[in-house]
Structure formats: C-alpha cells, structure tokens
Amino acid sequence: MTTYENLTRPATTSAVQRFTDPITWGTFGSQWHSGEQKNLQCCAVRQETHDVRTFIFRCADFSALSFEPGQFITISPVIGGQTIARCYTLSSSPTRPFAFSITVKRVPGGTVSNWLHDNLKPGDHLKASGPAGSFTPVGHPASKLLYLSAGSGVTPLMSMTRAACDMAGNLDIVFVHSARTPADIIFHAELTRMQAAMPGLRVISVCEGLGDTAQWQQPIGRLDLPLLSQQVPDFQEREIFTCGPQGYMEAVKSLLREAAFDFSHYHQESFDIAALNEEPLIEQAPSLDQQDVFTVTLSRSGKTFSMPGNQTVLSAAKKAGAIVPSSCSQGVCGTCKTALLQGTVDMNHNGGIRQREIDKGLRLLCCSKPTSDLILDL
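Counting of residues starts from 1 at the beginning of each chain's written sequence and follows it residue by residue. In keeping with the model being predicted, local features are shown solely for residues with a pLDDT of at least 70 and side-chain atom pairs are shown and tallied solely at 80 or more, while totals for entire chains, interfaces and linings include all residues. With hydrogens and water stripped out, all remaining heavy atoms of the structure feed into the side-chain values.

1. Examining the overall build of the protein
The way it works is that DSSP assigns letters per residue, a run of H or I at least four long becomes a helix, a run of E at least two long becomes a strand, and they are numbered from the N terminus. Of the regular secondary structure elements, the protein holds 11 helices and 22 strands. Here the protein holds 378 residues, and 53% of them are scored as buried. We call two residues contacting when some pair of their heavy atoms lies within 4.5 Å. Taking all contacts inside the protein whose residues are at least 6 apart in sequence as the whole, residues at least 24 apart take part in 68%. A 1.4 Å probe rolled over the protein chains alone gives each residue an accessible area, and that area as a share of the maximum for its type sets the label: buried under 20%, exposed over 50%, partly exposed in between.

2. Here's the deal with the packing of helix H5 (residues 154–167) against helix H6 (residues 188–197)
Orientation is described by axes fitted as lines to C-alpha atoms, over the contacting stretch for helices, and by angles from 0 to 180 degrees between their N-to-C directions. Where H5 meets H6, the closest approach of the two axes is 11 Å, and the angle between their N-to-C directions is 30°. For the pair H5 and H6, the sense of crossing is left-handed. The residues of H6 that touch H5, namely those facing Met158, Thr161, Arg162 and Cys165, are Glu190, Leu191 and Met194. The nonpolar class holds Ala, Val, Leu, Ile, Met, Phe, Trp, Tyr, Cys and Pro. Asp, Glu, Lys and Arg form the charged class, and all remaining residues, Gly among them, are polar. Of the residues contributing to the contact of H5 with H6, the split by class is 4 nonpolar, 1 polar and 2 charged. Should the near helix be turned counterclockwise from the far one by less than a right angle, the crossing is left-handed, whereas a clockwise turn marks it as right-handed.

3. Examining the packing of aromatic side chains
Stacked, edge-to-face and tilted are the three classes for Phe, Tyr and Trp ring pairs, Trp counted by its six-membered ring, which pair at centre distances within 6.5 Å; planes under 30 degrees apart are stacked, over 60 edge-to-face, the rest tilted. Tallied over the full model, the rule gives 5 aromatic pairs. Ring centres of Phe263 and Tyr266 lie 5.2 Å apart, and the angle between their planes is 65°; on these two criteria the pair is classed as edge-to-face. What links up through ring pairs into an aromatic cluster is the set Phe135, Tyr147, Phe175 and Phe241.

4. Structural notes on the state of the cysteines
Any two cysteine sulfur atoms within 2.5 Å of one another count as a disulfide. Scanning the model with the defined rule gives 0 disulfides in all. Lacking any disulfide linkage, Cys59 is separated from the closest cysteine sulfur, that of Cys43, by 9.7 Å.

5. Notes on unusual backbone geometry
Phi at Phe62 takes a positive value of approximately 65°, unusual for a residue other than glycine. Relative to the assigned elements, Phe62 resides in the loop between strand S3 (52–59) and strand S4 (65–66). A relative accessible area of 57% means that Phe62 is categorised as exposed. Despite not being glycine, Phe187 has its phi angle at roughly 65°, a positive value. For Phe187, the position within the fold is in the loop between strand S12 (172–179) and H6.

6. Overview of the sheet that holds strand S9 (residues 100–105)
One bridge is not enough; two strands pair if DSSP finds at least two bridges between them. Here we have 6 strands laid out as an open sheet, ordered S8-S5-S10-S2-S3-S9, and antiparallel in their pairing. Each edge of the open sheet carries a strand with a single partner, namely strand S8 (86–89) and S9. If you compare each strand with its neighbour and ignore which way they point, the axes differ by 40° on average. Summarising the sheet, strand S2 (residues 37–49) and strand S10 (residues 125–132) pair through 5 bridges and their orientation is antiparallel. Residue pairing across strands places Lys38 opposite Ala128, the latter belonging to S10. Those strands touched by helix H4 (residues 111–119) are S3, strand S5 (72–76), S8, S9 and S10, and its axis lies near 115° from that of S9.

7. Topic: helix H8 (residues 246–258)
Under the 1.5 Å per step criterion, the end-to-end length of H8 is 18 Å for 13 residues, consistent within 8% with the ideal 18 Å. Looking only at H8, the buried set comprises Tyr248, Met249, Val252, Leu255 and Leu256. Looking down the long axis of H8, one finds its buried residues gathered within 125° of arc, a one-sided arrangement. The exposed residues of H8 that point more than 90 degrees off its buried face are Arg257 and Glu258. Buried residues belonging to H8 abut strand S11 (144–150), S12, helix H7 (225–231), strand S14 (239–243) and strand S15 (266–268). Each residue after the first adds 1.5 Å to the expected span of a helix. Arc definition: it is the arc formed by the directions from the helix axis to the C-beta atoms.

What follows is the structure in structure tokens.
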C-alpha cells in the first residue's frame with residue numbers, strides 16, 4: 001500500500017538513489033503483478049512516424065499502476081476468434097501511473113502489430129498481463145548513463161528518460177538513437193524538447209541516410225567505435241543500456257569489446273523485440289529415444305498427463321489441453337509464471353523471473369523441463 005512515509009524520502013537521498021530504488025516506483029500506484037490480467041481501455045492513438053503508433057491505455061477501473069521504467073506488459077487481443085498474446089515495452093513513464101502506453105512498429109506480416117494499427121481505436125478494450133522484465137535501471141545505481149537504441153528499441157529507454165525528466169533529478173544521460181532516416185526517428189520532437197528542459201540530457205541521433213530531409217546536422221552512417229568515441233568520449237565511465245534489433249545489439253557489443261569496455265556495466269534487452277512479438281520460436285519435438293517420462297498433475301483442474309524430460313512443461317501442458325497463459329516462450333516475459341507445488345524442474349530463463357519469486361516456488365513453464373513428477377498450481 002502506498003503510504004505518506006513512502007512518499008517522503010530523506011532529503012539526503014540522491015537523484016541516483018531515487019531513480020534506481022524499487023521503492024520509488026512503488027509509490028506511484030498499486031502493484032500490478034506480472035501474472036495478473038487487467039482490463040485495459042484504449043484512451044488515444046498517436047502517430048509517431050509513418051509506421052509507428054503509440055497506444056495509450058488506462059485501467060478500466062481507473063486504478064493507478066506501478067511499474068519500473070523499462071518493463072513491458074503482455075497484451076492479449078482476440079484476433080479472428082483466437083486470443084494471441086504479445087509482449088510490448090511500456091514507453092510511458094511510471095511517474096504518470098493513470099495512463100500508460102505501448103509504442104508499436106508495423107511489421108510486414110505481423111499478426112498483432114498490424115491488428116493494433118488497423119483496428120485498435122479509443123474506447124476499445126483488451127486484456128493485458130504484466131508488467132515484467134529486468135531491463136531497468138532499478139538496482140543499478142550510476143551517476144552517468146548511456147542509452148543506445150535502434151528502431152522500436154527506443155521504447156524502454158524512452159520510458160527511462162521520461163521518468164528521469166519527470167523526477168527533475170538532473171541525471172547525466174546521453175541518449176544515442178539509430179534510425180534509417182530522420183523521418184524514422186521515433187519521439188524525435190519530444191526528445192528534443194526534453195533535452196532543452198533537462199540540463200543533464202544529451203540526445204544524439206544517428207541516421208543511415210537523409211531520406212527526404214534536406215538539412216541534417218547530426219551524424220550520418222551507422223554507430224561504430226570511432227563515432228561513439230567522438231560523440232561520447234567518456235562512454236567507458238557510463239552505465240550502458242541498449243535495446244534494438246538483434247543485429248544492432250550484437251554490433252554494439254562488438255564495438256564495446258573492441259574498446260575493452262567493462263561489461264559488468266552493460267545491460268541489454270535479452271530478446272529481439274520484433275521477432276519475439278510476431279514470431280515466437282517453435283519448440284522442437286522431443287526425440288524418440290528419450291527415456292525419462294514424468295507425470296504432471298494440475299492441482300486446480302485435476303488434469304494429469306505424462307511428458308518426456310526433454311520437453312518444456314508449457315509445451316506439454318498445452319498439448320494436453322491445459323489453459324496456461326503464455327507469450328514469449330523464451331523465459332523473458334514472465335506470463336507463464338506458475339507455482340510449483342511439488343517436484344523439481346531444470347529452468348533456464350532469460351530474466352522473466354526474479355530470485356525472490358523462485359525462492360517462493362514460482363517457475364517459468366516455458367523454459368522448465370521436469371526432473372521428477374510435478375504438481376502445478378493450475
């Protein structure tokens with residue numbers, strides 16, 4: 001519960017401490033647990049670029065929600081009579097908890113992104129779970145930050161920047177965003193305004209080409225070590241957060257390795273947003289020579305089924321007809337988080353569950369393989 005004590009922190013608390021303390025973000029609304037579904041109403045749709053739109057929501061019950069900047073939610077629209085879940089980063093700031101937004105790029109052939117662009121309008125409702133994700137400055141205190149993004153990977157870093165601006169903490173942030181052309185820069189006008197209003201913020205846009213823009217004063221080309229060293233000469237001293245297409249993030253890691261950067265100060269979103277949102281990886285079928293077979297019991301429904309040990313629990317449960325909320329199937333989003341009441345599993349996740357949740361007996365079914373018979377809270 002939010003209390004007056006939560007809101008009155010000691011005067012000696014620094015801006016960095018406030019920005020990276022999870023207690024800060026719990027003061028702006030009630031906690032929205034990652035496995036909990038909410039009924040959201042679309043309040044507005046804003047065109048950002050020719051193929052990117054921001055969808056602004058509120059809770060249907062007008063409740064205020066807390067989340068950490070950089071986290072994402074899982075929306076579950078009904079498309080063609082089928083519920084399809086996808087993860088989208090919250091692009092809004094948690095300092096404004098009554099309305100929150102996702103910013104979506106239209107993807108050729110993308111089931112959910114195209115549906116959102118073509119169908120979702122103010123007044124419409126849809127279900128969502130979240131927030132989840134560990135790509136957040138919370139828990140990583142640093143006085144100097146470097147945000148590196150490309151394409152729609154700008155969204156979690158925009159949430160972080162908006163939060164820092166609202167807190168008026170005068171944090172030292174350099175935000176380097178890469179885009180195809182100046183017309184493709186998402187949030188360009190707002191970032192320019194924030195830079196003018198926030199002394200500690202410097203925004204650098206790197207474009208591959210000019211497109212239809214006649215005048216452009218910022219770098220042309222792709223981000224590489226010489227360009228980064230020129231534009232951000234103190235990058236070695238900064239905590240780095242990066243998000244974008246997989247190829248971009250690999251290029252960033254490569255240039256940082258070339259510079260002998262200390263990767264204990266490097267953080268990236270652990271999945272390819274575009275690929276994950278539209279084409280979740282399909283799990284391979286278990287091999288026929290697998291000898292270990294385990295029994296899984298669902299405590300609520302009473303359903304029981306057998307499964308091999310080299311298959312994930314989520315895949316086996318769905319094949320058995322169980323209804324299990326899920327989205328990414330990569331151990332990232334946290335949607336399939338379930339209490340393991342009895343038994344053991346081998347779980348290899350990608351940040352979708354925290355240690356304190358594991359200690360409480362929760363597991364991500366999408367990345368858990370049984371090592372004994374199981375009883376699940378389903």
